[in-house]
Amino acid sequence: MKLLIPPSGTANAINRHLAQAPAPGLQHRANRAARAVLLGLTVLGSVFIVEPALAELPTAVTADGAASGDYIAIGKEYFKNGLIVLGLIIATLGFIAVAAGGIAKFNEYRIGRAELGDLGVLAVVGAVVLVLMVYLLNEAAVIIT
């Protein structure tokens, strides 16, 4: 039968032995860290040893409707494309604003500060505003191009 509580003289010897010996988990973690560093250095070294790939770069895409040497026409086409992207950004921000307003109104309805009719009116008006905005931005894109 083993004693759960060791005698007082042996307790000090066991504590001294445990204090001097490294923890087995710590030794295992140190070995894993050393292996990871070695693997990283090996991969990094192999990157510098490998020869560069001799692939060709793709040709640059010119703007639609412009000759390859006409830089003013290319600039105009890029400006038109930039305006169309700006219209898409405006439409995205409008959608986010309507969605955020709808979420805020739903939160007010959930708390009890707004009625369900207020939420419905916001949804209908927001949808009409978004449809009108997308229509106008689409017409602007047709006029630009």
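Here the structure is a predicted model, which is why all the values come from computation and not from measurement.

Colleague: Hey, could you run me through the overall build of the protein in this one?
Modeller: The number of helices and strands found in the protein is 4 helices and 0 strands. When the elements of the protein are put in sequence order from the N terminus, they spell out α-α-α-α. By the burial criterion, 10% of the 145 residues in the protein qualify as buried. A sequence separation of at least 24 residues applies to 41% of the contacts in the protein between residues at least 6 apart. Carbon and sulfur atoms make up 70% of the accessible area of the protein, which totals about 12,400 Å².

Colleague: How do you make sense of the packing of aromatic side chains when you look at a structure like this?
Modeller: Both the distance between ring centres and the angle between the ring planes are used here to describe each pair of aromatic rings. For the coordinates displayed, the defined rule picks out 1 aromatic pair. Taking 6.4 Å as the distance between ring centres and 45 degrees as the angle between the ring planes, the aromatic pair formed by phenylalanine 106 and tyrosine 109 counts as tilted. Placement of the pair is phenylalanine 106 and tyrosine 109 together in helix α3 (residues 71-111), with a separation of 3 residues, close to one helical turn. Given a relative accessible area of 43%, phenylalanine 106 falls into the partly exposed group.

Colleague: Is there a simple way to think about a nonpolar patch on the surface in this case?
Modeller: Side chains of Val85, Ile89, Leu93, Phe95 and Ile96 sit close together on the surface and give an oily, nonpolar patch of about 500 Å² of accessible area. Relative to the helices and strands, isoleucine 89 is located in helix α3.

Colleague: What should I look at first to understand the pattern of salt bridges in this one?
Modeller: A side chain of one charge can pair with a side chain of the opposite charge if their charged atoms are brought near each other. Across all of its chains, the model carries 2 salt bridges by this definition. Between lysine 80 and glutamate 77 there is a salt bridge, with the nearest N and O atoms lying 3.7 Å from each other. Here the residue lysine 80 and the residue glutamate 77 both occupy positions in helix α3, the gap between them amounting to 3 residues, near one helical turn. The class of lysine 80 is partly exposed, set by a relative accessible area of 26%. What makes glutamate 77 buried here is its relative accessible area of 17%. A salt bridge links lysine 105 to glutamate 108, with the nearest nitrogen and oxygen atoms 3.5 Å apart.

Rules of the game
Residues numbered from 1 in each chain as written. Predicted model: local features only at pLDDT ≥ 70, side-chain atom pairs only at ≥ 80, totals over all residues. Heavy atoms only, no water. Helix = DSSP H or I, 4+ residues; strand = E, 2+ residues; numbered from the N terminus. Buried < 20%, exposed > 50% of the residue type's maximum accessible area, 1.4 Å probe, protein only. Contact = heavy atoms within 4.5 Å. Areas by Shrake-Rupley, 256 points an atom, 1.4 Å probe, with all protein chains shown as cover. Phe/Tyr/Trp six-rings, centres within 6.5 Å; stacked < 30°, edge-to-face > 60°. Patch = residues over 30% accessible without salt bridge, like charges linked within 9 Å, V, L, I, M, F, W, Y side chains within 5 Å. Salt bridge = Lys/Arg side-chain N within 4 Å of Asp/Glu carboxyl O.

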